[in-house]
Amino acid sequence: VTSALAFDVLPLKLHPFSQSTPTGLDCVGWKQRIAFPVIADGALDKSALTDDVGSEEDLYEDFRSSNHRYGHAGGGGEQLAINELISDGSVVYAEALWDHVTMDDQELGFKAGDVIEVMDATNKEWWWGRILDSEGWFPASFVRLRVNQDEPMEDYPLKVEGGKDDDSSSGTRRFGMGQTSKDQMRTNVINEIISTERDYIKHLKDICEGYIKQCRKRADMFTEEQLKTIFGNIEDIYRCQKKFVKALEKKFNKDHPHLSEVGSCFLEYQTEFQIYSEYCNNHPNACMELSRLTKVNKYVYFFEACRLLQKMIDISLDGFLLTPVQKICKYPLQLAELLKYTNPQHRDFKDVEAALNAMKNVARLINERKRRLENIDKIAQWQSSIEDWEGEDVLVRSSELIYSGELTKISHPQAKSQQRMFFLFDHQLVCCKKDLLRRDILYYKSRINMDDMEILDVEDGKDKDFNTSVKNAFKLHCQDTEEVYLFCAKKPEQKQRWLKAFESERRQVQLDQETGFSITEVQKKQAMLNASKQQHTGKPKAVTRPYYDFLMRQKHPTLPSTLPQQQVFMLAEPKRKPSNFWQNISRLTPFRK
């Protein structure tokens, strides 16, 4: 099962923070007065909230009794509607946003894009579903309900080849006013794209005005660094999405939605959508900081007061902060569905097709950056296992292990040869020595700055510089100091792997410069801290999180005991379980030793 960060249960909630989903969080029960309320007009007056709107208890009860539900997916009225449909005998389908990888036979595993028949949605977090002849629990936040529920299931998985459906008759049925069934389906998808964008903008506005604005007024509770950790660059995303929605609205044909041409909007903003990468990478840090703060009651009360004053739906802050992560993953699915119901003759067809590929590329970029950030923990653990480490941490300059293996290093004077283990990271090559008795123990010896090096292929025979015979050799030449390093591999194919690895290292450095990829100081420090803790305990830390234990229905098995974390986004490979040192190193490298 996808790994989960451990969170403590909040004192006033029935269950802990959910990083997996913003939906279905139970109402918070207030039994105490808010000691540090939010000030609506900016004055730091603790009595302001009570004077303006009554006591905190009254404020909360007003919202509880008003029956206002600001409809959100998977909770409230929609969840009730789903169960009513199921109980009436209707078939409800959902589409997977992300992979759900599980080894539990009571859970339903699936890949992003799979279509699941929802058989029971009584529980807010876990639904019961079926794919072909397999049934089981799956996390509700990992799916989106299919827009066109009335479409036959057997037609849905058909792929669009060259813009034509396999079922040529699907466009012949008509729905009044000359609309074909395909036009009606396209109308449904267009309406969903527009409506969900409007809802999303409201969520972003609520976060920026309801939480960030209020937090900045309380310098006694929050530092700027804390706010940057919790909210990331969500204000930049809000500004970007407001422009994007305006562009969508201009392309939206209210009278005939199926004629809308929205593909160009996605193409126009594909580059700006890359700002989601920074947000998604920071999201785990935001959850950890929130978990730390909400161990103190005044922060729990403060965040709840923010929500109530902004008249936001009954979702906790961590749930709201997950919505951008989910949103960027939904775009490829929405565009794929839109393309399916767009005729090749439609003026929007080529743009939608291009937009789908563009948004898939955005998702891949985010996944790659996410993978890189997950690798820094492994690199930190690797460094902590090296004896006699000297100098700066690897993470100061590097974030990717490109290749590793044994080489013979030949040094001046007298062409002295030494067997060493080498680890090629972006920007640097680290040299280690194996312990004579315990070969799994490594000692740090030196490192080489790859930014100043050029790679020289050396022919078999006598080398003039070192006055010695070599085989399967290559050199690293420092252009600034004219220093030369000579290395020999055991086999010709190993030498070729090293030469390719050096080329990959330079490409990686160049790509990082072009895309602006970097690791924050906070992330580096956290990775090294985690590694030192893990080394101290001598075994991997448990990263599971408790989930409230009850039966949803007697006919079903018990609910899963852990709530999965969505940290691997769409198109990403499932995480692997922690392994021993050498396996970790091999998995970090794109080449096999």
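As the structure is a prediction and not an experimental result, all values here were calculated from the model.

## Concerning the sheet that holds strand β14 (residues 484–488)
Then step 1. Here seven strands make up an open sheet; going across it, the order is β9-β8-β7-β6-β14-β13-β10 and the pairing antiparallel. Where the open sheet ends on each side, the last strands, each with one partner, are β9 (442–449) and β10 (453–458). Sheet twist, expressed as the average angle between the axes of neighbouring strands with direction ignored, equals 35°.
Then step 2. Bridge count for β10 against strand β13 (residues 473–478) is six bridges, and the pairing is antiparallel. Directly across from Glu454, in β13, lies its bridge partner His477.
Then step 3. Packed on one face of the sheet, helix α12 (residues 492–515) meets β6 (401–411), β7 (416–425), β8 (428–434), β10 and β13 and runs near 125° to β6.

## Focus: the confidence of the model for the protein
One rule of thumb: low pLDDT means the predicted coordinates there are not for detailed reading.
Then step 1. Averaged over all residues, the pLDDT of the protein equals 75, while 70% of them reach at least 70.
Then step 2. Across residues 538–558, confidence stays below pLDDT 50; counting only partners more than four residues off in sequence or on other chains, it has 59 contacts.
Then step 3. Long-range and interchain partners of residues 565–579, a stretch whose pLDDT sits below 50, account for 53 contacts in this model, where long-range means more than four residues apart.

## Side note on the packing of helix α6 (residues 234–251) against helix α10 (residues 317–340)
Then step 1. At a minimum axis distance of 11 Å, the contact between α6 and α10 shows a crossing angle of 45°. Here α10 runs oblique to α6, going by the angle between their axes. Here the hand of the crossing between α6 and α10 comes out left-handed. On α10, the residues touching Ile234, Ile237, Gln241 and Phe244 of α6 are Leu321, Pro324 and Tyr331.
Then step 2. Here the residues of the contact of α6 with α10 sort into six nonpolar, one polar and no charged.

## What about the side chain of Arg186?
Then step 1. Here Arg186 lies in helix α4 (residues 181–217).
Then step 2. The exposure class assigned to Arg186 is buried, which follows from its relative accessible area of 1%.
Then step 3. Each residue touching Arg186, except ones within four places of it in the same chain, is listed here: Pro257, His258, Ser260, Leu338, Tyr341, Thr342, His346, Asp348 and Val352.

## Quick look at the nonpolar core
Looking at soluble globular proteins, one finds that nonpolar side chains tend to be buried together.
Then step 1. Counting 82 residues, the largest nonpolar core has Phe231, Phe266, Phe273 and Ile328 as its most contacted members.
Then step 2. The greatest single-element share of this core, amounting to 13 residues, is contributed by α4.
Then step 3. Counting residues domain by domain, this core receives three or more from each of domain 1 (76–145) and domain 2 (181–375).
Then step 4. Among residues more than four places away in sequence, those in contact with Phe273 are Cys240, Gln241, Phe244, Phe266, Ile328, Tyr331, Met359 and Val362.
Then step 5. Ile376, Leu395, Met421 and Phe425 belong to the second-largest nonpolar core, a separate cluster that totals 22 residues.

## Concerning the pairing of strand β3 (residues 126–131)
Each regular strand carries side chains that alternate between the two faces of the sheet.
Then step 1. Extensive coverage of β3 is indicated by the burial of five of its six residues.
Then step 2. Examined bridge by bridge, strand β2 (residues 115–120) and β3 share three bridges and lie antiparallel to one another. Along β3, the bridge assignment pairs Glu117 with Arg130.
Then step 3. Linking β2 to β3, which pair antiparallel, is a turn of five residues.
Then step 4. As paired strands, β3 and strand β4 (residues 134–139) are joined by six bridges and run antiparallel to one another. If you follow Trp126 over to β4, its bridge partner there is Pro139.
Then step 5. A loop of two residues connects β3 with β4, the two strands running antiparallel in sequence, and Leu132 in this loop sits at a positive phi of about 55°.

## Remarks on the environment of Cys215
Then step 1. Within the secondary structure layout, Cys215 lies in helix α4.
Then step 2. Classification of Cys215 by relative accessible area gives buried; the value is 1%.
Then step 3. Remark: the alpha-carbon pair of Cys215 and Phe302, spanning 87 residues in sequence, is separated by 9.0 Å.
Then step 4. Setting aside anything within four residues of it in sequence, one finds Cys215 in contact with Phe222, Leu227, Phe231, Phe302 and Phe303.

Thresholds applied
- Residues numbered from 1 in each chain as written.
- Predicted model: local features only at pLDDT ≥ 70, side-chain atom pairs only at ≥ 80, totals over all residues.
- Heavy atoms only, no water.
- Pairing = 2+ DSSP bridges.
- Helix = DSSP H or I, 4+ residues; strand = E, 2+ residues; numbered from the N terminus.
- Axes fitted to C-alpha atoms, helices over the stretch in contact; angles between N-to-C directions.
- Contact = heavy atoms within 4.5 Å.
- pLDDT = per-residue confidence, 0-100.
- Parallel < 35°, antiparallel > 145°, perpendicular 65-115°, else oblique.
- Left-handed = near helix turned anticlockwise from the far one by under 90°.
- Nonpolar A, V, L, I, M, F, W, Y, C, P; charged D, E, K, R; others polar.
- Buried < 20%, exposed > 50% of the residue type's maximum accessible area, 1.4 Å probe, protein only.
- Core = buried A, V, L, I, M, F, W, Y, C linked by side-chain atoms within 4.5 Å.
- Domains from an automatic or database assignment.

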